[in-house]
Amino acid sequence: MPSPSDAEIAAMRRALELAAQGPITGGNPRVGCVLMTPDGRIAADGWHRGAGTPHAEVDALGRLDGRADGLTAVVTLEPCNHWGRTGPCSEALIAAGVARVVYGVPDPGAHSAGGAERLRAAGVEVVGGVLADQIEEFLGGWLASVRRGRPWVTVKWASTLDGRTAAADGSSRWITGAAARQRVHEERAANDAILVGTGTILADDPSLTARGDAGELLAHQPVPVVVGERPIPADAAVRRHPAGLIAAGHRDLAAVLADLNARGLRRVYVEGGPTLASAFVGAGLADAFSVYLAPALLGGGHLAIGDLGIPSMAGIHRLRLDHVERLGDDIHLTGRPVPNPDLHSGRTT
Ligand SMILES: NC(=O)c1ccc[n+]([C@@H]2O[C@H](COP(=O)([O-])OP(=O)(O)OC[C@H]3O[C@@H](n4cnc5c(N)ncnc54)[C@H](OP(=O)(O)O)[C@@H]3O)[C@@H](O)[C@H]2O)c1
């Protein structure tokens with residue numbers, strides 16, 4: 001079993017940096033590629049800029065002066081093996097004369113996997129699994145989405161320290177300050193779709209656009225998706241959204257996610273309100289949380305998350321904190337659910 005050299009591991013780190021320059025949104029993964037000479041010199045590199053543009057391997061080959069005979073391709077994701085909008089990267093590498101391919105994680109796609117096998121069959125030496133943990137983490141949402149056939153779901157809310165998202169009269173603007181609200185716009189722009197329930201549309205009439213500091217529209221606008229049975233008013237602001245509007249017309253969250261997945265929408269940002277957020281959490285469909293906490297108290301009802309049907313501490317939903325940051329006077333926390341072994345073992349004490 002061939003193993004990677006130190007130079008190849010360093011090149012993989014570089015390939016990962018290049019991958020990070022690609023767009024986080026859209027149906028395709030962020031991938032980087034470095035072409036190396038046998039003596040460890042970087043001959044060319046490249047990365048994928050989104051669906052319909054050359055894959056990272058083809059981008060790097062295109063920047064090469066001459067042929068790739070005898071070179072090693074170091075690429076974060078296993079080279080694809082299918083004809084999509086572009087040709088298979090495995091074939092492009094073989095045709096260019098690449099002698100060795102070092103990749104990070106296997107391609108999880110049902111139609112695109114098999115690149116490593118194809119390369120080996122053509123006599124190319126192949127090494128997989130290099131920096132695999134780091135690349136798994138980097139591609140997290142995309143990989144999970146392809147493997148499970150549903151988008152990666154982040155549930156977001158803004159609440160007071162006592163977990164309230166609105167006052168007794170239902171008013172809820174603005175709980176957090178400007179810096180936190182700006183971060184929310186950036187998070188919107190890093191997703192393919194924003195989901196809200198009909199309750200939020202009827203209560204707040206939000207535009208759900210992703211905007212910059214001065215209110216200008218950001219380059220990427222995720223499509224708004226309204227979930228629920230009640231009709232969306234004809235004059236609702238969300239109907240004027242530049243990315244269009246998906247009105248589910250029902251409450252079936254699994255069906256909503258399946259529909260979004262079929263449209264190539266891989267990252268979903270659930271912006272509430274409490275009923276929809278609770279439904280996602282209760283159904284085990286929340287992959288990540290983004291919570292903005294304001295140093296304020298409201299008391300009363302209007303909790304960020306309603307009843308989850310948890311009778312005792314054994315059923316608690318614990319989160320692993322990924323990131324904690326102060327934004328102005330507010331705190332931003334991101335985390336992911338930790339599987340609760342008690343729920344699966346049936347233990348109750
Ligand atoms: N602070 C924050 O982060 C934040 C964010 C958003 C909203 N809010 C506040 O939240 C309040 C609105 O709360 P809300 O809970 O009514 O809003 P919501 O969660 O947006 O909407 C609730 C409605 O969504 C529909 N729905 C869709 N799928 C569902 C499912 N699987 N299960 C249950 N219902 C489903 C139901 O309406 P149908 O009868 O139409 O099916 C339900 O009544 C507003 O005051 C708003 O300002 C706060």
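Keep in mind it's a predicted model, so treat the numbers as computed, not measured.

Moving on to the overall build of the protein chain. A count of helices and strands for the protein chain gives 10 helices and 13 strands. Considered along the principal axes of its C-alpha atoms, the protein chain spans approximately 70 × 50 × 40 Å. The proportion of buried residues among the 349 residues of the protein chain is 42%.

In this section: the site of the ligand. The environment of the ligand is formed by 28 residues, the closest being Gly197, Gly199, Gly228, Gly272 and Gly273. Every element with two or more residues in the shell around the ligand is listed here: β6 (152–160), β7 (193–197), α7 (198–204) and α9 (274–282). With five residues, the top contributor of residues to the shell around the ligand is α7. Counted by class, the shell around the ligand contains 11 nonpolar, 12 polar and five charged residues.

Taken as a whole, the protein chain is organised into domain 1 (6–140) and domain 2 (149–345). One C-alpha centre belongs to domain 1, the other to domain 2, and the line joining them spans 35 Å. Tallying the contact residues gives four residues for domain 1 and seven residues for domain 2. The class makeup of the residues in the side of domain 1 that touches domain 2 is one nonpolar, three polar and no charged.

A word on the nonpolar core. Core analysis: the largest hydrophobic core is formed by 43 residues, its most contacted members being Ala15, Cys33, Ala73, Val74, Val75 and Val101. Of all elements in the fold, only α1 (6–19), β1 (32–36), α2 (56–62), β3 (72–77), α3 (89–96), β4 (100–105), α4 (115–121) and α5 (132–148) reach the threshold of two or more residues within this core. Excluding its chain neighbours within four sequence positions, the residues that come into contact with Val75 are Ala15, Val31, Cys33, Ala56, Glu57, Val101 and Tyr103. If you look at the next biggest cluster of nonpolar residues, it comprises 38 residues, including Ala193, Val238, Leu253 and Val270.

Read from one edge of the open sheet, five strands run β2-β1-β3-β4-β5, paired in mixed fashion. A single partner strand is all that each edge strand has here, and the edge strands are β2 (42–47) and β5 (125–127). This sheet shows a mean twist of 15° between the axes of neighbouring strands, independent of strand direction.

For the rest of this paragraph, the subject is α3. Regarding α3, the residues found buried are Cys89, Ser90, Ala92 and Leu93. The arc enclosing the buried residues of α3, seen along the axis, measures out at 165°, which places them on a common side. Considering only its buried residues, α3 is in contact with α2, β3, β4 and α4. Once α3 ends, the next one or two residues include Gly97, with phi positive near 95°.

What follows covers α5. Spanning 17 residues, α5 covers only 19 Å between terminal C-alpha atoms, well under the ideal 24 Å at 1.5 Å per step. Of all the bends in α5, the greatest measures close to 80° and is centred on Gly140. Ile135, Phe138, Leu139, Gly141, Trp142, Leu143, Ser145 and Val146 are the residues of α5 that are buried. For α5, the elements touching its buried residues are α1, β3, β4, β6 and β10 (267–270). Downstream of α5 by a residue or two, Gly149 has a phi angle that is positive, lying close to 70°.

This part is about the pairing of β6. In terms of burial, β6 is a largely internal element, nine of the nine residues being buried. Across the two faces of β6 the burial is the same, with Trp152, Thr154, Lys156, Ala158 and Thr160 and Val153, Val155, Trp157 and Ser159 all buried. As judged from the seven bridges shared by β6 and strand β11 (residues 288–294), these two strands associate in the parallel manner. Paired with Ala158 across the strands is Tyr292, a residue of β11.

With that out of the way, let us pick up the sheet that holds strand β13 (residues 330–338). With mixed pairing, eight strands are arranged side by side in an open sheet as β9-β8-β7-β10-β6-β11-β13-β12. Lying at the two open borders of the sheet, with one neighbouring strand each, are β9 (246–247) and β12 (318–327).

Bringing unusual backbone geometry into the picture now. For residues besides glycine, phi is generally negative; the peptide bonds are generally trans as well. Cis geometry is adopted by the peptide bond preceding Trp174, which originates at Arg173 and carries an omega value of -20°. Of note, Trp174 is situated in the loop between β6 and α6 (178–189). Cis geometry is found at the peptide bond from Gly272 to Gly273, where omega equals 0°. As for its placement among the helices and strands, Gly273 is situated in the loop between β10 and α9. At Leu131, a position not held by glycine, the phi torsion is positive, near 55°. Assignment of secondary structure puts Leu131 in the loop between β5 and α5. With 22 C-beta atoms packed within 10 Å, Leu131 lands in the buried category. If you check the backbone angles, Leu208 has positive phi at about 60° while not being a glycine. With respect to the helices and strands, the residue Leu208 is situated in the loop between α7 and β8 (223–227). Taking the number of C-beta atoms within 10 Å as the measure of exposure, Leu208 has 24 and is therefore buried.

The rules behind these values
Residues numbered from 1 in each chain as written. Predicted model: local features only at pLDDT ≥ 70, side-chain atom pairs only at ≥ 80, totals over all residues. Helix = DSSP H or I, 4+ residues; strand = E, 2+ residues; numbered from the N terminus. Buried ≥ 20, exposed ≤ 12 C-beta atoms within 10 Å, placed from the backbone. Near = placed C-beta within 6 Å. Nonpolar A, V, L, I, M, F, W, Y, C, P; charged D, E, K, R; others polar. Domains from an automatic or database assignment. Contact = placed C-beta atoms within 7 Å. Core = buried A, V, L, I, M, F, W, Y, C linked by C-beta atoms within 7 Å. Pairing = 2+ DSSP bridges. Axes fitted to C-alpha atoms, helices over the stretch in contact; angles between N-to-C directions. Arc of directions from axis to C-beta. Expected span 1.5 Å × (residues − 1). Bend = angle between axes of the 7 residues up to and from the residue.

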